[in-house]
Structure formats: structure tokens, C-alpha cells
Amino acid sequence: MQQLALVTIILLIIFVVFSMILSRYRKCPSDKILVIYGKIGKTTDGVTRSARCIHGGASFILPVFQAYEYLDLTPFSIEVNLTKALSKQNIRVDVPSRFTVGISTEPGVMTNAAERLLGMKQDQIQELAKDIIFGQLRLVIATMDIEEINADRDKFLANVSNNVEAELKKIGLKLINVNVTDIKDESGYIEALGKEAAAKAINDAKKSVAEKDRDGSIGEANAKRDERIQVAEANARAVEGENQARITIANSEADRREKEAEANRKATAAEKVQTAKALEEAYVAEQEAEKARAERQRATMFADVVVPAEIEKQQMEIAAEAEAEKIRRMAKGEADAILAEMEARAKGMYEILSKQAEGFKMIVDSVGGDARNAVLLMVADKLPELVKTQVEAVKNLKIDKITVWDSMGKDGTPTSANFISGMFKSIPPLEDIFRSAGMELPNYLGEKINEKNENSGATAIETESK
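Being a predicted model, the structure only gives us computed values, none of them experimental.

Description of the sheet that holds strand S2 (residues 32-38)
So, step 1. If you walk across this open sheet you meet the 3 strands as S3-S2-S5, and the pairing is antiparallel. With partners counted over all chains shown, the strands left at the sheet margins are strand S3 (51-54) and strand S5 (66-72), one partner each. Going from strand to strand, the sheet's axes swing by 25° on average, the running direction of each strand aside.
So, step 2. Bridging between S2 and S5 involves 7 bridges; their strand directions are antiparallel. Pairing of Tyr 37 across the sheet is with Ala 67, part of S5.

Below you can see the structure in the form of C-alpha cells.
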């Protein structure tokens with residue numbers, strides 16, 4: 001039982017919702033415009049729309065968020081009795097007219113109607129339209145002459161329609177028809193124009209009658225004259241025709257003889273021309289044959305002489321290019337070998353110098369970074385070799401016998417002692433050897449060596465003296 005009640009309630013709710021949806025779905029009649037306002041949305045340009053207008057369709061109206069109203073499309077007639085409107089000639093005229101106006105169904109104009117006419121009564125809309133029509137009608141009359149307004153009604157109505165319709169569209173209305181009944185002016189100018197036109201028409205009619213009478217009398221006289229002229233012309237044409245026939249016969253006979261002579265001449269000339277053309281074609285054929293024979297001989301000579309020469313020339317060029325390529329490749333091979341050898345030497349020298357530099361760096365590091373002490377250490381290491389070199393300088397001197405006739409010098413020193421001392425002094429001292437190399441011996445080592453050399457020299461002198 002409870003389930004049945006629950007189902008009934010659900011169905012009731014669905015029915016109520018469906019009824020609400022149907023009640024909010026509105027169809028627009030063909031003689032009305034459905035205007036939906038409220039939460040409408042935005043246009044493609046991002047502008048919020050004030051209303052949405054539908055003509056001849058239907059739409060769903062959102063409850064709470066949207067509402068709707070109708071605009072009646074039934075046209076209404078507005079009587080505009082314009083008086084004392086100033087024309088272009090400063091003449092005041094009365095223009096009684098009637099305008100038929102209705103709400104427009106154009107998309108943009110419908111929106112204007114929804115924004116400006118929604119909620120207004122028809123009398124209010126008529127008064128608003130009437131004010132606009134009065135202003136535009138006065139404006140059009142002020143730009144036209146009375147002759148144009150009175151005579152050229154199409155132009156006047158076109159100007160009125162254009163101006164009035166452009167202004168009515170701004171409030172959502174459309175001009176359906178314009179009817180101007182009669183135009184009057186307070187000065188009687190238009191009436192005078194009418195009288196002038198009537199008088200002109202009467203005068204034109206009288207003038208036309210007189211001209212017709214005159215034309216009748218002139219026509220009768222012209223008919224008699226034409227009759228006499230035509231009879232004379234007919235007789236003259238008859239005589240002229242006979243003479244023309246005789247001339248034609250003579251001309252025909254002359255033409256025949258001329259054409260016969262021309263035909264004979266053309267036949268003779270054609271025979272000679274054909275003979276000359278035959279001779280010319282024969283000469284041309286012989287000339288072409290001679291040219292062909294010359295071309296054949298030239299081709300034979302070219303094949304026998306030029307072609308072998310060209311082949312020999314190409315063989316020599318190929319051989320020369322091969323020899324040049326061989327020389328270039330040999331030179332390139334030698335250059336590559338020399339380059340490889342020099343690169344090997346450079347690499348070996350680089351390795352030697354690198355190792356020496358590493359050794360020198362280790363020596364300098366071993367003495368605490370003092371380069372002078374490092375040089376002294378290297379000199380001390382090479383000192384035996386330096387001494388050996390100095391000894392080798394006099395080792396091979398062979399003296400078998402020395403005979404000295406000694407005499408005393410001025411200072412009391414024996415001459416032989418000076419000789420031996422000078423001989424030893426001619427050997428470069430170790431200190432000078434170092435100085436020539438850009439180095440200096442330590443002071444204590446230089447003093448010891450000098451002292452040793454002096455002692456050795458003195459002992460040698462003393463020995464020789466003894």
C-alpha cells in the first residue's frame with residue numbers, strides 16, 4: 001500500500017513538472033512578435049542582450065529567470081496635415097498626407113521595437129511616429145522647390161519615404177505606405193502654375209489647328225508641283241534609259257574584247273612563267289645535289305682526318321692527366337711521409353722535453369721551490385763530468401822532452417816557472433766555463449777550485465825547477 005502511494009506521488013510530481021514545462025512553452029502567432037526578456041545571454045561579440053525577439057516560431061520561457069510579452073504587427077494609419085511648411089523658395093505650403101506604419105519584423109529593427117515600444121499602447125506609438133513624420137516631412141519640403149513637389153510626385157514621395165523610414169527604424173517601426181492628397185500654398189503660386197499650364201494647353205491647341213490648315217493648303221500646291229515634276233522626270237528617265245542601254249551594249253562589247261586580249265596575255269605569260277619555274281627548279285635541284293655532294297666529301301674528310309686527330313688528342317690528354325695525377329700522388333705521398341716523420345720527431349722531442357721538465361720540476365720541488373739551489377744541485381751532479389772534460393782537454397798533449405835555459409826574470413822569478421804557469425792558465429777555468437753557460441759556481445766551490453789550481457801550478461813549477 002505504501003509503495004502504491006509512493007508511485008502515485010512520483011507520477012503526480014512528474015505530471016506537475018510536465019504541466020509547468022508545457023505552460024512555459026510559448027508559440028508566437030504570425031501577426032505578433034514574441035519578446036522574451038530577463039536573463040537572455042550575450043551576443044557573439046560579448047554584449048549582453050536586452051531581449052530576444054521571435055516572429056513566427058516558438059520558444060521555452062525559463063521560469064523565474066525570464067518573462068515574455070507580445071508586440072502587435074497590425075499596421076495603423078497616421079493622418080498628417082502639415083500646414084505652412086517652408087519650401088526651398090521660402091514659400092509656405094500645406095501638404096495633407098496619410099502614412100501607414102507598422103512594427104518591423106527585421107531582426108535588428110525588432111530589437112529596437114522591443115527596447116522602445118514594449119508596454120506602450122497603440123495611441124502612444126502613433127503619437128511618437130506622428131512626431132517623427134512631421135519633422136522629416138518638413139525637412140524634405142525645405143530641400144525641394146514647389147515645382148518639384150507639385151510636378152514630380154514620385155521624387156517627392158521617394159525622399160519622404162527614405163527620410164521617414166530611416167528615422168522610424170530607430171524605434172522599431174516600418175513605413176508601409178505614403179499618400180499625399182493635395183498640395184496648396186498660401187500665396188496661390190501652385191494655382192497660378194495650374195492656370196499657366198491650362199492657358200498654355202489652350203494656346204497650343206489653337207496653334208495646332210492653324211498649323212494643320214496651313215499644312216493642308218501647302219500640301220495641295222506641293223501635290224500639283226510634284227505631279228508635273230514626276231511626269232518630266234519620267235520622260236527624261238525614258239530617254240536616259242534608251243541611251244544607257246546603248247552605252248551598256250558598247251561597254252559590254254569592249255569588255256568582251258578586253259577580256260579576250262587579257263586571257264590571251266595571261267595564257268602566254270603563264271606558259272613563260274611555267275617554263276621559267278621549271279628551269280629554276282632544275283637549277284635548284286642541281287644546286288642541292290652539289291651541296292649534298294660537298295657535304296658528303298666534307299664528312300668523308302672529317303672522318304678520315306679530323307676524327308683520328310681528335311682521338312689521338314684525347315689519348316694524349318688522358319695520358320698527360322694520368323701522368324700528372326701520378327706525379328701529384330707521389331708528391332702527396334712524399335709530403336705525407338715527411339709530415340709523418342716531422343710529426344714523429346716533434347712528438348719525440350715533446351716527450352723528451354716533457355720528461356726533462358717533469359724532472360726539473362721534481363728537482364725544484366725537492367729543494368723547497370728554490371730555483372738557485374736546484375741549479376746548484378744539478379751542477380754538483382754534473383761536476384765529475386765537467387772536471388773530466390777539463391782534464392781531457394790536456395790529456396792527449398805529449399811532451400817528450402823539455403829543455404829549459406832558465407834565466408831569472410826582472411822580479412827574481414825563474415822564466416820556466418812563468419812558462420808553466422802560463423800554460424796552465426791557458427786552460428779555461430771551471431768557473432769561466434760556468435759563466436759562459438750563464439751560471440755561477442758557489443763561492444766556496446770556486447774558492448776551493450782556484451786554490452787547488454794555484455797549488456797545483458806552484459807544485460808543478462817547483463817540480464820542474466828542481
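What to know about helix H3 (residues 122-142)
So, step 1. Taking 1.5 Å per residue, 21 residues should reach 30 Å; H3 reaches 30 Å between its end C-alpha atoms and fits that length.
So, step 2. Those residues of H3 that sit buried are Ile 125, Ala 129, Ile 132, Ile 133, Gln 136, Leu 137, Val 140 and Ile 141. Seen from one end, H3 has its buried residues packed into an arc of 160°, which puts them on one side. Of the exposed residues in H3, those oriented more than 90 degrees away from the buried face are Asp 123 and Asp 131.
So, step 3. Those residues of H3 hidden inside the fold are in contact with strand S6 (76-86), strand S7 (92-103), helix H4 (146-151), helix H5 (153-168) and strand S8 (173-180).

A closer look at the nonpolar core
So, step 1. Ranked by size, the top nonpolar core spans 41 residues in total, and within it Phe 99, Val 101, Ile 141, Phe 156 and Leu 173 carry the most contacts.
So, step 2. The greatest single-element share of this core, amounting to 7 residues, is contributed by H3.
So, step 3. Contact partners of Phe 99, with chain neighbours within four places excluded, come to Phe 76, Ser 77, Ile 78, Val 80, Ile 133, Val 160, Val 164, Leu 175, Asn 177 and Val 178.

A few points about the pairing of S2
So, step 1. Alignment of S2 against S3, held across 4 bridges, turns out to be antiparallel. In the sheet register, Leu 34 faces S3, and the bridge partner there is Ile 54.

A word on the confidence of the model for the protein chain
So, step 1. Per-residue confidence for the protein chain gives a mean pLDDT of 77, with 78% of residues at or over 70.
So, step 2. Taken element by element, the protein chain is modelled with least confidence in helix H10 (residues 443-465), mean pLDDT 46, and with most confidence in H3, mean pLDDT 89.
So, step 3. Long-range and interchain partners of residues 456-466, a stretch whose pLDDT sits below 50, account for 7 contacts in this model, where long-range means more than four residues apart.

Quick word on a nonpolar patch on the surface
So, step 1. Nonpolar side chains collect at one region of the surface, where Ile 9, Ile 13, Val 17, Ile 21, Tyr 25, Phe 60, Leu 62, Val 64 and Phe 65 lie side by side and expose about 870 Å² of accessible area between them.
So, step 2. The greatest single-element share of the nonpolar patch, amounting to 4 residues, is contributed by helix H1 (residues 2-23).
So, step 3. The residue Leu 62 is located in the loop between strand S4 (58-60) and S5 in this model.

A closer look at the side chain of Ser 97
So, step 1. As for its placement among the helices and strands, Ser 97 is situated in strand S7.
So, step 2. Residues within four places of Ser 97 in sequence aside, it is in contact with Ile 78, Glu 79, Val 80, Asn 81, Leu 137, Asn 179 and Val 180.

The rules behind each value
Residues numbered from 1 in each chain as written. Predicted model: local features only at pLDDT ≥ 70, side-chain atom pairs only at ≥ 80, totals over all residues. Heavy atoms only, no water. Pairing = 2+ DSSP bridges. Helix = DSSP H or I, 4+ residues; strand = E, 2+ residues; numbered from the N terminus. Axes fitted to C-alpha atoms, helices over the stretch in contact; angles between N-to-C directions. Expected span 1.5 Å × (residues − 1). Buried < 20%, exposed > 50% of the residue type's maximum accessible area, 1.4 Å probe, protein only. Arc of directions from axis to C-beta. Contact = heavy atoms within 4.5 Å. Core = buried A, V, L, I, M, F, W, Y, C linked by side-chain atoms within 4.5 Å. pLDDT = per-residue confidence, 0-100. Patch = residues over 30% accessible without salt bridge, like charges linked within 9 Å, V, L, I, M, F, W, Y side chains within 5 Å. Areas by Shrake-Rupley, 256 points an atom, 1.4 Å probe, with all protein chains shown as cover. Salt bridge = Lys/Arg side-chain N within 4 Å of Asp/Glu carboxyl O.

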